[in-house]
Amino acid sequence: MKTTQTVQAVASLFQPFASDKLSTGNRIVMAPMTRSFSPEGVPGPDVAAYYRRRAANGTGLIITEGTTINHPAASGMTSIPTIHGEAALNGWAQVVKEVHEAGGKIIPQIWHFGTSRKPGESVPNPEVASIGPSGLDETGTKTGEAMTEADIAAVVQAFAEAAADAKRVGFDGVELHGAHGYLIDQFFWEVTNQRTDRYGGDLAARTQFAVEVIEAVRKAVGPDFPISLRISQFKLDAYTAKLATTPEELEQFLAPLVKAGVDIFHCSSRRFWEPEFEGSPLSFAGWVKKLTGKPVITVGSVGLNVDMTGAYSEDSKLETLAEKLDSNEIDLVAVGRALLADPEWAEKIRTGREGEAVPFSREVAATLY
Ligand SMILES: Cc1cc2nc3c(=O)[nH]c(=O)nc-3n(C[C@H](O)[C@H](O)[C@H](O)COP(=O)(O)O)c2cc1C
């Protein structure tokens, strides 16, 4: 009886999604997760099989792990896949082919580390300095160089080329990594962006770099190719950071990004059910949808019913998630750790077998299955 009730309660997760540029078979999206299994930046057959397995088991849309653009200071690890160069692009073409054959859709997350890159042995081009809007890390300490206008132009161009290549090898869209304190987000955040030129200033002015990236990507991929932008209030080393402290500030932040051509906002939060601002139950993703009218992806602890001690909880909040879909607060749901741990997660949820899902652990995170 319980199984039947559960299946009905989560049925909204398995309804098709359609927007003007992107459609998916259901609402489940694999969240981008860096796996570092791509030696010299090249995703091989094991990476293709890993993504294919999830597509074959009911994940409607895959957003790949972050994949770095063609700039000498873009990547923080040699085993992170790139999205430039013949070998890596051929690897991605195979990933795309396999995911499509399995009935899924897939878009790459394209990425520049900014000052989060720590030059060292396993980092490409260790002799090259890291760059960021002001050369500052998340604590405001100088760890790299402030970008010149020429640096900015080169990085904008590299994002556009990556997006054009993504389209050429058959991806279904592209996601720009504008979250978690990496380069694009370093421009958004006042702690890491202290510029006094047109790339700095108030929150709206700090979107200028992203606006130029989005416009260049749009020009490179044409009007019909979906562009997702991942954004977050928090930073990896600053969980309580906020770009916007009120809905009004959030609106000022989002307006130039919408105008530049974002189709989908991927709103990264750590717990999807938490209200973003006082006085309203709306989540971060819910607010972004309300303020932009654009489709949104939520994320954060979906399907994680095992706490840090390994204790199982009956309530993984999937019914709360389904309610948010039903009320149109959100459109799509990204699942990270639960899908990393179990490629069959979506199918198990669909068929009321949530209790059989492999829990996330350090051990599963060390393998690529
Ligand atoms: C191993 C791992 C790697 C990750 N790598 C990325 C990444 O490359 N890009 C990104 O935007 N987020 C990355 N994230 C964050 C996830 O996309 C997701 O937002 C986060 O795990 C919360 O979702 P979850 O609670 O369902 O795991 C990563 C998370 C994990 C666990």
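Look up: the structure comes first, before these words.
(A) Spatial organisation of the packing of aromatic side chains. Enumeration according to the criterion identifies 11 aromatic pairs in this entry. Ring centres of F113 and Y182 lie 5.2 Å apart, and the angle between their planes is 70°; on these two criteria the pair is classed as edge-to-face. You can see F113 sitting in the loop between β5 (105–111) and β6 (131–132) and its partner Y182 sitting in the loop between β8 (174–180) and α5 (183–188), a full 69 residues away along the chain. For the residue pair F113 and Y182, the accessibility class agrees, reading buried in each case. An aromatic cluster of three or more residues is present, and its members are W111, F113 and Y182.

(B) Representation of the sheet that holds strand β10 (residues 264–268) within the structure. The parallel closed barrel is built from 8 strands, whose spatial order is β3-β4-β5-β8-β9-β10-β11-β12. Taking each pair of neighbouring strands and ignoring which way they run, the sheet shows an average axis angle of 25°. On the sheet, helix α2 (residues 45–56) packs against β3 (28–30) and β4 (61–68) and is oriented at approximately 155° with respect to β4.

(C) Quick peek at the environment of L254. Relative to the helices and strands, L254 resides in helix α7 (residues 247–260). Distance in space between the C-alpha atoms of L254 and Y50 is 34 Å, their sequence separation being 204 residues. Excluding residues within four positions of it along the chain, L254 makes contact with I231, F265, V288, L291 and T292.

(D) Inspection of the nonpolar core at higher detail. Of all hydrophobic cores here, the largest spans 94 residues; its most connected members are L13, L176, F209, L257, F265 and W345. Sorting elements by how many residues they give to this core places helix α4 (residues 149–168) first, with 9 residues. The contacts of F209, once residues within four sequence positions are left out, are M147, I152, V155, V156, L183, I184, F187 and Y199. In terms of nonpolar packing, the next biggest core, distinct from the first, is built from 12 residues, L22, I63, I264 and I297 among them.

(E) Layout of the site of the ligand. Taken together, the neighbourhood of the ligand is formed by 16 residues, with P32, T34, R230, S301 and R337 sitting nearest. Q109 places a polar side-chain atom, nitrogen or oxygen, 2.8 Å from a nitrogen atom of the ligand. Taking R337, its side chain carries an N or O atom lying 2.7 Å from an oxygen atom of the ligand. Within the complex, 82% of the 600 Å² of free accessible area of the ligand lies under protein.

Analysis parameters
- Residues numbered from 1 in each chain as written.
- Predicted model: local features only at pLDDT ≥ 70, side-chain atom pairs only at ≥ 80, totals over all residues.
- Heavy atoms only, no water.
- Phe/Tyr/Trp six-rings, centres within 6.5 Å; stacked < 30°, edge-to-face > 60°.
- Helix = DSSP H or I, 4+ residues; strand = E, 2+ residues; numbered from the N terminus.
- Buried < 20%, exposed > 50% of the residue type's maximum accessible area, 1.4 Å probe, protein only.
- Pairing = 2+ DSSP bridges.
- Axes fitted to C-alpha atoms, helices over the stretch in contact; angles between N-to-C directions.
- Contact = heavy atoms within 4.5 Å.
- Core = buried A, V, L, I, M, F, W, Y, C linked by side-chain atoms within 4.5 Å.
- Near = heavy atom within 4 Å.
- Polar contact = N/O pair within 3.5 Å; in protein donor to acceptor, adjacent residues only side chain to side chain.
- Areas by Shrake-Rupley, 256 points an atom, 1.4 Å probe, with all protein chains shown as cover.

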